[in-house]
Amino acid sequence: MKVLVYSTHGFEKDFLIKANQSKHQLVFCKEKLSENTVDLSKDFDAIALFSSDNANAKIIQELKTNGVKYISLRSVGYD
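For the structure given in this document, a descriptive report is provided here. Given the structure is predicted, the values throughout are model-derived calculations rather than measurements.

Turning next to the pairing of strand β4 (residues 70–74). The two faces of a sheet get side chains in turn, since along a regular strand they alternate between them. With five bridges joining them, strand β3 (residues 46–50) and β4 adopt parallel strand pairing. In the sheet register, Phe 50 faces β4, and the bridge partner there is Arg 74. Between the parallel elements β3 and β4, the chain passes through helix α2 (residues 57–65) in a crossover that is right-handed.

Have a look at this one:
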């Protein structure tokens, strides 16, 4: 599966590569998901976004139009 990882931070890239275990083709970009960057998702099966990315209804519809079938959210919680 071809996966675009939006909002890639330096501290997580090595971890994501290791966790992937070469199962999927990961493509990293520093850009946040937004109306201006949603076109980067064309020809990808999935995207991984960060909690600060914009995934409003219009953008999700554009992702679907671009062929994206899966969305993964990277976020952190704390007590």
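After that view of the structure, there is still more to cover.
Bringing the sheet that holds strand β2 (residues 25–28) into the picture now. The four strands lie next to each other as β2-β1-β3-β4, forming an open sheet whose pairing is parallel. The open sheet has two free edges, formed respectively by β2 and β4, since each of these has just one partner strand. Neighbour-to-neighbour, the strand axes of this sheet turn through a mean angle of 20°, independent of strand direction. The strands touched by helix α1 (residues 10–20) are β1 (2–5), β2 and β4; relative to β2, the strand with the most contacts, the crossing angle is about 170°.

The next point concerns the pattern of salt bridges. Within the structure shown, the criterion is met by three salt bridges. Note that Arg 74 is salt-bridged to Glu 12, the shortest N-O span being 2.9 Å. In this pair, Arg 74 sits in strand β4 while Glu 12 sits in helix α1, placing the two residues 62 residues apart along the sequence. No difference in accessibility class separates Arg 74 from Glu 12, as the two residues are buried. Residues Lys 58 and Glu 35 are paired through a salt bridge, measuring 3.9 Å at the closest nitrogen-oxygen approach. With a gap of 23 residues between them, Lys 58 in helix α2 and Glu 35 in the loop between β2 and β3 connect regions that are remote in the sequence. Glu 35 sits in the partly exposed class, given a relative accessible area of 44%.

Conventions adopted
Residues numbered from 1 in each chain as written. Predicted model: local features only at pLDDT ≥ 70, side-chain atom pairs only at ≥ 80, totals over all residues. Heavy atoms only, no water. Pairing = 2+ DSSP bridges. Helix = DSSP H or I, 4+ residues; strand = E, 2+ residues; numbered from the N terminus. Right-handed = clockwise from strand over helix to strand, strands pointing away. Axes fitted to C-alpha atoms, helices over the stretch in contact; angles between N-to-C directions. Contact = heavy atoms within 4.5 Å. Salt bridge = Lys/Arg side-chain N within 4 Å of Asp/Glu carboxyl O. Buried < 20%, exposed > 50% of the residue type's maximum accessible area, 1.4 Å probe, protein only.

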